[in-house]
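# What the coordinates show
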Amino acid sequence: MDDQGRISNVTTVDFLVIGAGIAGASVASELIRHGSVLILEAEDHPGYHTTGRSASMFLEFHSNATMRALVRRSRPFLESPPDGFAAQPLLNDLGVLFIARADQLNSLARIMDENYQESARVVSGDHRLAMRKHPALRPEYVTACLWNPDAMEIDIHALLHGFLGIFRRSGGQLQNGERVVSLHRDGGYWTVQTDEASYRAAVVVNSAGAWADQLGQLAGAQTIGLVPKRRSVCIISAGRFDVTGWPMVGDVDEEFYFKPDAGNLLLSPADETPMEPCDVYPDDLDIARAVEHLEAATNIKVTRKIDRQWAGLRSFVEDKMPVVGYDAKADGFFWLAGQGGDGIQTSPALSRLAAALVIDHPVPDDLASDGVTPEVLSPKRLINPKSS
Ligand SMILES: Cc1cc2nc3c(=O)[nH]c(=O)nc-3n(C[C@H](O)[C@H](O)[C@H](O)COP(=O)(O)OP(=O)(O)OC[C@H]3O[C@@H](n4cnc5c(N)ncnc54)[C@H](O)[C@@H]3O)c2cc1C
């Protein structure tokens, strides 16, 4: 072996991470403290797929206690990352207003029940509170609302490149433009083949986003039943309104949402269309539906052509929880997938948890004290007894 860890021209590392989205970048920044790490990314630059297409919200609202814990325990890192992590703050104040029509009051009550205990700064009110927070809303549309000032906007570019900066400065290597095409285990090592080269690693971390089940198949691992779902977004003008200081507004049943974006509005139909993994584009009908919702709920008229629109794939397993842990069948094959719509805001906590489990350490204390267990996120929970 030479001083680069090469055996017969094959680079050998302790941990090989597949995918340089937020999942791969964040876990690599943790694993680099415990050994040599290589990230292989199929595209020409990190964050090309779902990570670069997110709505960038930090929102401590979730129907599931483990997810709420992962978000809450990510906040300290996002509020004060390590020195030199980013040149600007990672979080910016925004606030979120959930709005409900008269036929949606049960949904509002459910959100309030699920989150009230843990998020002290949740205030409920009627259309008057909604109008105070968001003057473009129509009072006749909004019957009730829920206001949370603690929702923030995440600077995703700074977060992703902050993780990669730590990784690189600690000696980690990122190879862009190298798609993994085969995985083979022999003698306690994975041989990982791309179109360009071969690599060897004791542990492979599968953080390939929407492609994670496909990578699992290449490795002879279990399937996790991952379903990528398209979510679309467009940028529109708010017309005569000045959006400065507006919060995010979300329909309480997640039928649509919108928030300020560099003087304009970012609007989403909150679509969830199942798709094969791909470089996904929005559907015009979904965008038209979002505009209809916006015009019904507010006095904003969308008169100009939509300048910019995009879509990304949010990937879910059946119980909508992330999948973190070693595979049930393939030795040394570790899953970090299925983050759905929460992969950015949970990345600090989820990557600490994942790195601990990769090296066989216990769940970090802060997460354990919030009831996060390895079992609840393990891929083993997804084995279908009928098919195994
Ligand atoms: C419209 C939208 C809004 C969202 N809003 C939010 C939000 O407000 N807050 C939040 O927390 N989350 C949000 N999300 C979800 C969040 O973006 C995802 O959970 C997160 O980005 C997933 O990151 P990832 O690294 O798993 O996937 P990705 O970013 O897709 O990264 C996976 C990487 O693996 C690479 N890869 C795949 N196959 C291979 C291979 N064979 N070899 C090498 N590399 C490979 C891909 O090229 C890709 O770069 C949103 C998502 C969308 C689409």
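## Observations concerning the overall build of the protein
- A tally of regular secondary structure across the protein gives eleven helices and 21 strands.
- Here the protein has a C-alpha radius of gyration of 22 Å; the compact-globule value for 388 residues is 21 Å, and the two agree.
- Each principal axis of the C-alpha atoms in the protein carries an extent, and together these give about 70 × 50 × 45 Å.
- Per-residue burial over the protein gives 56% buried out of 388 residues.
- In the protein, 73% of the contacts between residues at least 6 apart in sequence involve partners at least 24 apart.
- Surface accessibility of the protein: about 17000 Å² in total, with carbon and sulfur atoms responsible for 48%.

## Focus: the nonpolar core
- If you look at the biggest cluster of nonpolar residues, it comprises 50 residues, and the most contacted ones within it are Leu-31, Leu-159 and Val-205.
- The contact partners of Val-205, leaving out residues within four places of it in the chain, are Leu-16, Val-17, Ile-18, Val-27, Leu-31, Phe-334, Leu-336 and Val-358.
- Listed in part, the 31 residues of the second largest apolar core include Ala-219, Ile-224, Phe-333 and Ala-337.

## Structural notes on the site of the ligand
- With respect to spatial proximity, 37 residues lie near the ligand, and among them Glu-41, Thr-51, Met-57, Val-180 and Gln-345 are the closest.
- In the model, a nitrogen atom of the ligand is placed 3.1 Å from a nitrogen or oxygen of the Ala-42 main chain.
- Backbone polar atom of Asp-342 to an oxygen atom of the ligand: 3.5 Å apart, as the coordinates give it.
- If the ligand stood free it would expose 1000 Å²; the protein chains cover 97% of that surface.
- Of all the secondary structure elements, the ones that give two or more residues to the shell around the ligand are α1 (22–31), β14 (227–236) and β19 (308–316).
- In terms of residue class, the shell around the ligand is built from 14 nonpolar, 15 polar and eight charged.

## Some thoughts on helix α8 (residues 284–297)
- With 14 residues, α8 ought to run about 20 Å at 1.5 Å a step, and its terminal C-alpha atoms sit 20 Å apart, in line with that.
- Among the residues making up α8, those that are buried are Asp-286, Ile-287, Ala-290, Val-291, His-293, Leu-294 and Ala-297. Within α8, the buried residues cover an arc of 160 degrees as seen down the axis, which keeps them to one side. Of the exposed residues in α8, the ones pointing more than 90 degrees away from its buried face are Asp-284, Leu-285 and Glu-292.
- The inward-facing, buried residues of α8 abut β6 (96–100), β14, β16 (257–261), β17 (264–268), β18 (273–274) and β19.
- Sitting at the head of α8, Asp-283 places a side-chain oxygen 2.8 Å from the backbone nitrogen of Leu-285.

## Quick look at the packing of α1 against helix α6 (residues 156–169)
- Interhelical geometry of α1 versus α6 gives an angle of 35 degrees and a closest axis separation of 8 Å. Considering the relative orientation of α1 and α6, their crossing is left-handed. For the pair formed by α1 and α6, the contact residues are Ile-22, Ala-25, Ser-26, Ala-28 and Ser-29 on the first element and Leu-159, Leu-160, Phe-163, Leu-164, Ile-166 and Phe-167 on the second.
- In terms of residue class, the contact of α1 with α6 is made up of nine nonpolar, two polar and no charged.

## So, the pattern of salt bridges
- Tallied over the full model, the rule gives 20 salt bridges.
- Arg-231 is paired through a salt bridge with Glu-254; the nearest N and O atoms lie 2.8 Å apart. Of this pair, Arg-231 sits in strand β14 while Glu-254 sits in the loop between β15 (248–251) and β16; the two residues are 23 residues apart in sequence, bridging distant segments of the chain.
- If you follow the salt bridges from partner to partner, you end up with Arg-230, Asp-271, Asp-286 and Arg-289 in one network.

## A few points about the side chain of Ser-268
- Mapped onto the elements of the fold, Ser-268 is located in strand β17.
- Note on Ser-268: relative accessible area 0%, which makes it buried.
- At a separation of 2.7 Å, a polar atom in the side chain of Ser-268 contacts the main-chain carbonyl oxygen of Ser-232.
- When sequence neighbours within four positions are dropped, the list of residues in contact with Ser-268 reads Arg-231, Ser-232, Val-233, Phe-256, Tyr-257 and Ala-290.

## Some remarks on the sheet that holds strand β5 (residues 91–93)
- In space, the three strands of this open sheet follow the order β4-β9-β5, with antiparallel pairing throughout. Every interior strand has two partners, whereas the edge strands, β4 (57–58) and β5, have only one.
- Sheet topology places β4 next to strand β9 (residues 152–154); two bridges connect them, and they run antiparallel. Paired with Phe-58 across the strands is Met-152, a residue of β9.

## Digging into the environment of Leu-267
- In this fold, Leu-267 is placed in strand β17.
- On the accessibility criterion, Leu-267 (0% relative accessible area) is buried.
- Excluding its chain neighbours within four sequence positions, the residues that come into contact with Leu-267 are Ser-232, Val-233, Cys-234, Ile-236, Tyr-257, Phe-258, Ala-290, Val-291 and Leu-294.

Criteria and thresholds
Residues numbered from 1 in each chain as written. Predicted model: local features only at pLDDT ≥ 70, side-chain atom pairs only at ≥ 80, totals over all residues. Heavy atoms only, no water. Helix = DSSP H or I, 4+ residues; strand = E, 2+ residues; numbered from the N terminus. Rg over C-alpha atoms; globule rule 2.2 N^0.38 Å. Buried < 20%, exposed > 50% of the residue type's maximum accessible area, 1.4 Å probe, protein only. Contact = heavy atoms within 4.5 Å. Areas by Shrake-Rupley, 256 points an atom, 1.4 Å probe, with all protein chains shown as cover. Core = buried A, V, L, I, M, F, W, Y, C linked by side-chain atoms within 4.5 Å. Near = heavy atom within 4 Å. Polar contact = N/O pair within 3.5 Å; in protein donor to acceptor, adjacent residues only side chain to side chain. Nonpolar A, V, L, I, M, F, W, Y, C, P; charged D, E, K, R; others polar. Expected span 1.5 Å × (residues − 1). Arc of directions from axis to C-beta. Axes fitted to C-alpha atoms, helices over the stretch in contact; angles between N-to-C directions. Left-handed = near helix turned anticlockwise from the far one by under 90°. Salt bridge = Lys/Arg side-chain N within 4 Å of Asp/Glu carboxyl O. Pairing = 2+ DSSP bridges.

Everything listed here is a matter of coordinates, which is why it stays silent on function.
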